[in-house]
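Descriptive analysis of the structure
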Amino acid sequence: MVTEVVPGPRQRPGKQQEGASLKSVGRRGGHLLRLLTRDKVGLVGLVIVVLMMAAAALAPLISPYDPTAMSDQRLAPPGGDFPLGADEAGRDLLSRALYGARTSLTVSLIVVTCAGAIGVLLGLLAGFYRGVLDAIITPATDIMFSFPTLLLALAVVAARGPGTENLVLALVIVFIPSFARIVRGTAMSVRREPYVESGQAVGLSNTRLILKYILPNSVAPIAVQFTTSIAYAILIEASLGYLGLGVQPPQPSWGSMLSNGKSFMEMSIWPSVVPGVCIMIAVLGFNLLGDTLRDVLDPRLRGRSSR
């Protein structure tokens, strides 16, 4: 006796898979946050980053003075009217440090986001399609890697002139190769996996394969690179500001504050110490967070460090 199988209502696997993917991403995000908060070093880095970004975002509300307002209390020590002292023009160092954080973090986030988007796209194209695209993209990134990062940024800014726009352009060019190389390696590795070959066999388009398989497997290295690149971008932005090629006055910048303060070190160390400490704390926070993300997201490194 043959039993006739009556087909049920047609399912829509696409939407179900998308819903499951969103739930999976949410679970992974919560799990990642729990791992970060359990790690003491990662928790310190996360707290520093959150506090630094909150201070930058709330600078107009929490700054005691206008960062460009001058007074007759030049090079005043910390205390009294100026909690962290005043610079050579009588401007409040606390207010300038808060607005300097706003400048440095804004520039760094814009730079790394733009460089990451372009680098990820180039890496996906080179690693997945190979052939002519890989033959063009990979040598180009290798050539850029052959130049010291700061020297390459300095050359771009020197060629186009100082200013925020040219600074952002220079740093975007500098950080693209790092993202492209990381994503290219991941794409080349995942492309050979059986589930990707199965997707090709059932007729999935290359775009669907990249979005469904290649890109999700690249999220972990991209997240780590994004975090550590912000720390490096803060350093380069401060270095170019110190040389007078970054953000131009009267907009406060940690690098320009450090450069102005060095001429008055014999009379007061605070105009140099305050921006220097701010740079150190910001870079430390992003580096600690990036190192912990690397350990958490890479199972091979998990549990190696005794913290």
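Basis of the calculations
- Residues numbered from 1 in each chain as written.
- Predicted model: local features only at pLDDT ≥ 70, side-chain atom pairs only at ≥ 80, totals over all residues.
- Heavy atoms only, no water.
- Axes fitted to C-alpha atoms, helices over the stretch in contact; angles between N-to-C directions.
- Helix = DSSP H or I, 4+ residues; strand = E, 2+ residues; numbered from the N terminus.
- Parallel < 35°, antiparallel > 145°, perpendicular 65-115°, else oblique.
- Left-handed = near helix turned anticlockwise from the far one by under 90°.
- Contact = heavy atoms within 4.5 Å.
- Nonpolar A, V, L, I, M, F, W, Y, C, P; charged D, E, K, R; others polar.
- Buried < 20%, exposed > 50% of the residue type's maximum accessible area, 1.4 Å probe, protein only.
- Salt bridge = Lys/Arg side-chain N within 4 Å of Asp/Glu carboxyl O.
- Expected span 1.5 Å × (residues − 1).
- Bend = angle between axes of the 7 residues up to and from the residue.
- pLDDT = per-residue confidence, 0-100.
- Phe/Tyr/Trp six-rings, centres within 6.5 Å; stacked < 30°, edge-to-face > 60°.

1. Remarks on the packing of helix H7 (residues 164-191) against helix H10 (residues 219-242)
- Interhelical geometry of H7 versus H10 gives an angle of 155 degrees and a closest axis separation of 11 Å. Judged by the inter-axis angle, H7 sits roughly antiparallel to H10. When the axes of H7 and H10 are compared, the crossing they make is right-handed. Here Leu167, Leu171, Phe175, Ser178, Phe179, Ile182, Val183 and Thr186 of H7 lie close against H10, whose contacting residues are Pro221, Ile222, Gln225, Phe226, Ser229, Tyr232, Ala233, Ile236, Glu237 and Leu240.
- Classifying every residue of the contact of H7 with H10 gives 13 nonpolar, four polar and one charged.

2. Points about the environment of Ala101
- By secondary structure assignment, the location of Ala101 is in helix H4 (residues 93-129).
- By relative accessible area, which is 3% here, Ala101 ends up buried.
- For Ala101 and Pro252, which are 151 residues apart along the polypeptide, the C-alpha to C-alpha distance reads 8.8 Å.
- The residues touching Ala101, leaving out its near neighbours within four places in the chain, are Met52, Ala56, Thr106 and Trp254.

3. Considering the pattern of salt bridges
- Counted under the stated rule, the structure contains eight salt bridges.
- In this structure, the salt-bridge partner of Asp134 is Arg184, at a minimum N-O distance of 2.8 Å. Note that Asp134 is positioned in helix H5 (residues 131-145) and Arg184 in helix H7, a separation of 50 residues in sequence.
- Note that Arg294 and Asp291 form a salt bridge whose closest N and O atoms lie 3.9 Å from each other. Separated by three residues within a single helix, Arg294 and Asp291 lie in helix H12 (residues 270-297), roughly one turn from each other.

4. A few points about the side chain of Ser108
- Within the secondary structure layout, Ser108 lies in helix H4.
- Ignoring any residue separated from it by four or fewer positions in sequence, one finds Ser108 in contact with Ile230, Ala233 and Ile234.

5. Thoughts on unusual backbone geometry
- Look at the link from Pro249 to Pro250: it is a cis peptide, with omega at 10 degrees.
- Within the fold, Pro250 resides in the loop between H10 and helix H11 (254-261).
- Its identity is not glycine, yet Leu75 carries a phi of approximately 55 degrees, on the positive side.
- Following the sequence through the fold, Leu75 ends up in the loop between helix H3 (59-62) and H4.
- Taking relative accessible area as the criterion, Leu75 reaches 17% and is therefore assigned buried.

6. Thoughts on H7
- Across its 28 residues, H7 extends 40 Å between first and last C-alpha, which sits within 8% of the 40 Å expected from 1.5 Å per residue.
- The largest bend in H7 amounts to roughly 30 degrees and is located at Phe175, with the proline Pro177 lying one to four residues further along.

7. Focus on the packing of H10 against H11
- Where H10 contacts H11, the two axes come as close as 6 Å, and the packing angle between them is 40 degrees. The angle between H10 and H11 falls in the class oblique. Relative to H11, the crossing made by H10 is right-handed. Here Ile234, Ala238, Gly241 and Tyr242 of H10 come into contact with H11, specifically with Trp254, Gly255, Ser256, Leu258 and Ser259.
- Here the contact of H10 with H11 is composed, by residue class, of five nonpolar, four polar and no charged.

8. A closer look at the confidence of the model for the protein chain
- In this model, the protein chain carries a mean pLDDT of 84, and residues with pLDDT of at least 70 account for 85%.
- No element of the protein chain has a lower mean pLDDT than helix H1 (residues 13-38), at 54, and none a higher one than H4, at 94.
- Here residues 1-26 is modelled with pLDDT under 50, and outside its nearest four sequence neighbours on either side it reaches three contacts, counting other chains as well.
- In this model residues 301-307 is a low-confidence stretch, pLDDT under 50, and it forms ten contacts with partners more than four residues away in sequence or in other chains.

9. Side note on the packing of aromatic side chains
- All chains considered together, the criterion is met by four aromatic pairs.
- Seen from their ring centres, Phe128 and Tyr129 are 5.2 Å apart, and the 80 degrees between their planes marks the pair as edge-to-face.
- Phe128 gets classed as buried once you look at its relative accessible area, which sits at 1%.
- Owing to a relative accessible area of 36%, Tyr129 belongs among the partly exposed residues under this scheme.

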